[in-house]
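One-letter residues, chain by chain:
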Amino acid sequence: MRRLTITRHTFLPIIAALLTGAFSLPISAETNTARAQPSDASERGRTIAEEAWARGNGFGSLRAEVEMTIITRSGQQASRRLEIALLEGEGEASKALTRVESPRDVAGTALLTHTDSAGAQQQWLYLPAASRTRRISSENRSGSFMGSEFSFDDFGAQPPSRYNFQYLREASLNGMPCHVIERHPRADRQGHEIAWLDKERLLLQRVEYYDANGDKTRVLTVEDYKSYPGADGESYWRATSLRMDNARTDAASVLRWEDIELGAGLDTRDFEVAALPRRR
């Protein structure tokens, strides 16, 4: 059975398709020490990241309805309805489209991400109120999407080629044995992330985000994995709850995935920049 992590891959994809690896021993095998030795930490971290990524390949395309809840520090809440679509390509290539369906005043807003086979990305944001599409520069991709704690970059694929990795340790998270891996962007952004993947299935469970000064900025909690059938006859794991907490302000945002359809019959025409103003 092939399994998929969703997250900044995963999907993305969206949101987290982070990590995995391959060794002379099975990845889930226990090691003699809880912390990797410095000489092999980088190789082990990348190996785990690439294996986790590979397990998510093969679903073709995806469409889902998503409820975004934005929670302020004082506890006030606001909701957004999103439609998210994904399309796999060759190598690390993919396309992701996030379209806002409600509330009415922001309906039609759309975020499009193209990732090429080498992991390089381009992003565009369509603003219906202005009837225009603008390209998002790499330095602005850490900005907030729709006032949430999720960034523009969170809604695109995050292939392993974009990062350098360090295996930190084995640890338990809520009673679940996990690999703990650190990753640093190779370009565009400063700071680093620390991710927890369960040892059995290499599914992303938690990510901590740090700025260039080493201060924690956000924490992603990934929950409620479910298995979905793909058009290729395989089954894929998808998280249906993603919660991003702001470590500085105590605000939070939650994405709850509904009606996930794999092998959705999408093609490249559904992900063209010129098609962003169109409403389904």
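First things first, this report covers the structure right here in the doc.

Analysis parameters
Residues numbered from 1 in each chain as written. Predicted model: local features only at pLDDT ≥ 70, side-chain atom pairs only at ≥ 80, totals over all residues. Heavy atoms only, no water. Helix = DSSP H or I, 4+ residues; strand = E, 2+ residues; numbered from the N terminus. Buried < 20%, exposed > 50% of the residue type's maximum accessible area, 1.4 Å probe, protein only. Contact = heavy atoms within 4.5 Å. Salt bridge = Lys/Arg side-chain N within 4 Å of Asp/Glu carboxyl O. Core = buried A, V, L, I, M, F, W, Y, C linked by side-chain atoms within 4.5 Å. Phe/Tyr/Trp six-rings, centres within 6.5 Å; stacked < 30°, edge-to-face > 60°. Pairing = 2+ DSSP bridges.

Counting its secondary structure elements, the protein contains one helix and 15 strands. By residue count, 55% of the 280 residues in the protein fall in the buried class. Considering only residue pairs separated by 6 or more positions, the protein has 53% of its internal contacts joining residues 24 or more positions apart.

Turning our attention to the pattern of salt bridges. A complete count under the given rule lists 17 salt bridges for this structure. Put simply, glutamate 50 and arginine 46 hold a salt bridge, and the shortest N to O gap is 3.5 Å. Of the two residues, glutamate 50 and arginine 46 are both situated in helix α1 (residues 38–55); the distance of four residues between them amounts to about one turn of the helix. For glutamate 50, a relative accessible area of 40% puts it in the partly exposed group. Here glutamate 261 and arginine 63 are joined by a salt bridge, their closest N and O atoms 3.9 Å apart.

This part takes up the nonpolar core. When a protein is soluble and globular, its nonpolar side chains tend to lie buried together. If you look at the biggest cluster of nonpolar residues, it comprises 47 residues, and the most contacted ones within it are Leu62, Phe145, Phe155, Leu220, Leu242, Leu255 and Trp257. Counting residues in each nonpolar core, the second largest holds 11 residues, with Leu87, Leu97, Ala110 and Leu276 among its members.

Here we take up the packing of aromatic side chains. Any aromatic ring pair is given by two values, namely how distant the centres are and how the planes are angled relative to each other. Inspection of the entire model under this criterion finds five aromatic pairs. Between phenylalanine 59 and tyrosine 236 the ring centres are 6.2 Å apart and the planes differ by 75°, which places this aromatic pair in the edge-to-face class. Here phenylalanine 59, found in the loop between α1 and β3 (61–71), pairs with tyrosine 236, found in strand β14 (residues 235–246); they are 177 residues apart in sequence, far enough to count as distant. Residue classification places phenylalanine 59 among the buried positions, given a relative accessible area of 4%. Judged by its relative accessible area of 0%, tyrosine 236 falls in the buried class.

This brings us to the environment of proline 159. With respect to the helices, strands and loops of the structure, proline 159 is situated in the loop between β8 (132–136) and β9 (163–173). Apart from the residues lying within four places of it in its own chain, the contact partners of proline 159 are Trp53, Glu92, Thr115 and Gly119.

A few words now on the environment of aspartate 105. Relative to the helices and strands, aspartate 105 resides in the loop between β5 (94–102) and β6 (110–115). A relative accessible area of 64% means that aspartate 105 is categorised as exposed. Taking the C-alpha atoms as reference points, aspartate 105 and alanine 129, separated by 24 residues in sequence, lie 8.4 Å from one another.

What follows covers the pairing of strand β7 (residues 121–127). The element β7 is largely enclosed, with a buried count of five among its seven residues. In terms of strand pairing, β6 meets β7 through six bridges, oriented antiparallel. Its bridge partner being in β7, threonine 113 is matched across the sheet by glutamine 123. Between β6 and β7, which pair antiparallel in sequence order, lie five residues; one of them, glycine 119, sits at a positive phi of approximately 95°. In terms of strand pairing, β7 meets β8 through five bridges, oriented antiparallel. Bridge assignment links leucine 127 to a residue of β8, and that residue is arginine 132. The loop that links β7 with its antiparallel partner β8 comprises four residues; one of these, serine 131, has a positive phi angle of about 55°.

The amide bond that connects serine 102 to the next residue, proline 103, takes the cis arrangement and shows omega of 5°. Following the sequence through the fold, proline 103 ends up in the loop between β5 and β6. Of note in this structure, serine 131 is not a glycine but carries a positive phi near 55°. Phi at methionine 146 is positive, roughly 55°, even though this residue is not glycine. Here methionine 146 shows up in the loop between β8 and β9.

None of the figures reported here should be taken as evidence of function without further support.
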